[in-house]
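Reading the structure
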Amino acid sequence: MMNMMGKLKEAQQKVEETKKRLDTVIIDETSSDGKLKVSLTANRTIKSLEIDDALLEDKEQLEDYLILTLNKAIERATKVNEAELAASAKEGLPNIPGMDMFK
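Since we're looking at a predicted model, the values are computed, not measured. (Residues numbered from 1 in each chain as written. Predicted model: local features only at pLDDT ≥ 70, side-chain atom pairs only at ≥ 80, totals over all residues. Heavy atoms only, no water.)

1. A closer look at a negative patch on the surface
Together, D33, D52, D53, E57, D58, E60 and D64 make up a region of like negative charge exposed at the surface. Looking at the secondary structure, you find D58 in the loop between strand 3 (46-51) and helix 2 (59-92). (Patch = residues over 30% accessible without salt bridge, like charges linked within 9 Å, V, L, I, M, F, W, Y side chains within 5 Å. Areas by Shrake-Rupley, 256 points an atom, 1.4 Å probe, with all protein chains shown as cover. Salt bridge = Lys/Arg side-chain N within 4 Å of Asp/Glu carboxyl O. Lys, Arg positive; Asp, Glu negative; His and termini not counted. Charge placed at Lys NZ, Arg CZ, Asp CG, Glu CD. Helix = DSSP H or I, 4+ residues; strand = E, 2+ residues; numbered from the N terminus.)

2. Examining the sheet that holds strand 2 (residues 36-41)
One open sheet holds the three strands; their spatial order is 1-2-3, and the pairing between them is antiparallel. Where the open sheet ends on each side, the last strands, each with one partner, are strand 1 (26-30) and strand 3. Sheet twist, expressed as the average angle between the axes of neighbouring strands with direction ignored, equals 10°. Where strand 2 lies against strand 3, five bridges are found, and the strand directions are antiparallel. (Pairing = 2+ DSSP bridges. Axes fitted to C-alpha atoms, helices over the stretch in contact; angles between N-to-C directions.)

3. Considering the pattern of salt bridges
Charged atoms that come close allow side chains of opposite charge to pair. Per the counting criterion, the structure on display carries six salt bridges. For the salt bridge of E29 with K72, the shortest nitrogen-to-oxygen distance reads 3.8 Å. Within this pair, whereas E29 is found in strand 1, its partner K72 is found in helix 2, the two being separated by 43 residues in sequence. Residue class for K72 comes out partly exposed when judged on its relative accessible area of 38%. With its nearest N and O atoms 2.9 Å apart, the salt bridge here joins E29 to R76. One end of the pair, E29, is in strand 1; the other, R76, is in helix 2, and 47 residues separate them in sequence. Here E29 falls in the buried class, since its relative accessible area comes to 11%. The exposure class of R76 is partly exposed, given its relative accessible area of 38%. If you follow the salt bridges from partner to partner, you end up with E29, K72 and R76 in one network. (Buried < 20%, exposed > 50% of the residue type's maximum accessible area, 1.4 Å probe, protein only.)

Okay, structure coming up:
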C-alpha cells in the first residue's frame, strides 16, 4: 500500500511538472488570410496578438477574426494540454487492475 501511495505522489509530481512545461509550449494560430496572429501557451494563456492595420478600421470584422482565431488556437492548445497531461499521469500511475482509464 505504501508503494502505491508513493507511485501516486510520483504521478502527481509528474503532472505538475508537465503543467509547468506546458507554460513554455507556444501554439500559434493565424487567420486564413494572415491578418491576425495569436500565440498562446498549451495552458491556454494568451501571449501575443498581431493585428493587421486593415482590421482596425472595422470593429465587427476584428471581433469576428478574434473569435475565430482565438477559438482555433484554444482548441489546439487544449488538445496538446490534455494529451500531455494524460501521458504524464499514465506514466506515473501504479498498475492497478481495472484502472486502465488512460488508454
